[in-house]
Amino acid sequence: MTNKLKYFVGNWKMFGSFSSLKNIYRIHRFCVKFNKARKKNKIILCVPNTLIYFFTKKFRSKIISIGAQNCHHHQTKGSFTGSVNAKMLKNVGAKYIILGHSESRHEGDTNQLIKKKIKSALNQQLYVIFCIGETYSEKIRKKTFSVLKNQLKSSMDKKINLNNIIIAYEPVWSIGTGKIPKIDSLRNIFRFIKNEFKKNLKTKTSPPVLYGGSVNDKNITKFTSILEIDGFLIGGASRSSKKFIDIIKNYYK
Ligand code: PGA
């Protein structure tokens, strides 16, 4: 295990209410104590848009940041019924944003659209958590590397601000299914993503790369041997403060 900063990102999806603030307080109380011994965890909770303002007003913390889960690609105001752009999310207090999540891709987000969204979020100085990952049918057709390569290449502008990008590798077949990749293949995939990124953007450093897909308090220990993993994007298990805290605790056991 290294001393590098580790990210634990919660993706609450379409769950949560004002009363979920107590969960955030619990996570915060735990992290204040825990990080004293090991100052290396960054907690990001990506919550529904309706809760961002409330949470960021009620709660200020260096350890926990609040993020959004998607935005409209248009940078300015416009006639886009039901949509919210990156600027609006920034205005209500979001610091991070998940883009390219497979559930958003399923609703119609293409690589080209995601590219526009990434650009508009970065223009607002939001930190982007850019999700990539193959489907089950792509996996069994041995297309994982070509899919990841294409997602990275077609959604990322060469001139982007590298400091504001985090990548999350989320195999679609693993999200919400309880299935996780084999550790050896995961290690290779992480190496591939980091190398591809450096090659594409002609840079010597790769951004943090997170793993997401069925992470829970039991299987988290399986990931500790992969030094290339810079953190986790956690869906279902992040809605319980206890499970979320146990994931962090067990990771360091
Ligand atoms: P999961 O979701 O942890 O419930 O599999 C992960 C995600 O959708 O980001």
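You'll find the structure just up there.
Cut-offs used in this document
Residues numbered from 1 in each chain as written. Predicted model: local features only at pLDDT ≥ 70, side-chain atom pairs only at ≥ 80, totals over all residues. Heavy atoms only, no water. Helix = DSSP H or I, 4+ residues; strand = E, 2+ residues; numbered from the N terminus. Rg over C-alpha atoms; globule rule 2.2 N^0.38 Å. Buried < 20%, exposed > 50% of the residue type's maximum accessible area, 1.4 Å probe, protein only. Salt bridge = Lys/Arg side-chain N within 4 Å of Asp/Glu carboxyl O. Phe/Tyr/Trp six-rings, centres within 6.5 Å; stacked < 30°, edge-to-face > 60°. Contact = heavy atoms within 4.5 Å. Near = heavy atom within 4 Å. Polar contact = N/O pair within 3.5 Å; in protein donor to acceptor, adjacent residues only side chain to side chain. Nonpolar A, V, L, I, M, F, W, Y, C, P; charged D, E, K, R; others polar.

Asker: I'm lost on the overall build of the protein in this one. Help?
Answerer: When you go through the protein residue by residue, the secondary structure sums to 9 helices and 8 strands. What you see for the protein is a C-alpha radius of gyration of 17 Å, in line with the 18 Å of a compact globule of 253 residues. Each of the three principal axes of the protein carries a C-alpha extent, and together these read 50 × 45 × 35 Å. Counting across all 253 residues of the protein, residues that qualify as buried make up 54%.

Asker: For this particular structure, what's the right way to read the pattern of salt bridges?
Answerer: Opposite charge on two side chains lets them pair, provided their charged atoms get close. All told, the structure shown has 10 salt bridges when counted by the stated rule. A salt bridge links Lys13 to Glu103; the shortest N-O distance between them is 2.9 Å. A residue pair is termed long-range when its members are at least 10 positions apart, and Lys13 in the loop between β1 (6-11) and α1 (21-37) and Glu103 in helix α4 (residues 102-106) qualify at 90 residues. Here Lys218 and Asp217 are joined by a salt bridge, their closest N and O atoms 3.4 Å apart. For Asp217, a relative accessible area of 15% translates into the label buried. Shared partners join several salt bridges into a network, and the residues in it are Lys4, Lys194 and Asp230.

Asker: Help me out: how do you make sense of the packing of aromatic side chains in this one?
Answerer: The way to describe two aromatic rings as a pair is by their centre distance and the angle between their planes. Summed over all chains, the structure comprises 16 aromatic pairs. Ring geometry for Tyr25 and Phe59: centres 5.4 Å apart, planes at 75°, overall edge-to-face. Of this pair, Tyr25 sits in helix α1 while Phe59 is found in the loop between α2 (49-58) and β3 (64-68), placing the two residues 34 residues apart along the sequence. When its relative accessible area of 8% is taken as the criterion, Phe59 is described as buried. A ring pair is formed by Tyr96 and Tyr127, whose centres lie 4.9 Å apart and whose planes are at 25°; its orientation type is stacked. In this pair, Tyr96 is assigned in strand β4 (residues 96-99) and Tyr127 in strand β5 (residues 127-132), connecting sequence segments 31 residues apart. Its relative accessible area of 7% is what places Tyr96 among the buried residues. The exposure class of Tyr127 is partly exposed, given its relative accessible area of 30%.

Asker: I would appreciate a short explanation of the environment of Lys158 in the present structure.
Answerer: Summarising the element assignment, Lys158 is placed in the loop between α7 (144-155) and β6 (165-169). Residue Lys158 is classed as exposed on the basis of its relative accessible area of 55%. With 42 residues separating them in the primary sequence, Lys158 and Asn200 have C-alpha atoms 7.4 Å apart. Contact partners of Lys158, with chain neighbours within four places excluded, come to Asn200 and Leu201.

Asker: How should I be thinking about helix α9 (residues 241-251) in this particular structure?
Answerer: Two residues of an α-helix separated by three or four positions point the same way, owing to the 3.6 residues in each turn. Of all 11 residues in α9, 8 are buried; the element is thus mostly enclosed. Of all the positions in α9, only Ser241, Phe244, Ile245, Asp246, Ile247, Ile248, Asn250 and Tyr251 are classed as buried.

Asker: Is there a simple way to think about the environment of Phe34 in this case?
Answerer: The residue Phe34 is located in helix α1 in this model. Sequence separation between Phe34 and Gly82 is 48 residues; the distance between their C-alpha atoms is 40 Å. Contact partners of Phe34, with chain neighbours within four places excluded, come to Asn41, Ile248, Lys249 and Tyr252.

Asker: Quick question: what am I supposed to make of the site of the ligand here?
Answerer: What surrounds the ligand is a group of 13 residues, the closest being Lys13, His101, Glu170, Gly176 and Ser214. His101 places a side-chain nitrogen or oxygen 2.7 Å from an oxygen atom of the ligand. Residue Glu170 places a side-chain N or O atom 2.7 Å away from an oxygen atom belonging to the ligand. Of the residues contributing to the shell around the ligand, the split by class is 3 nonpolar, 8 polar and 2 charged.

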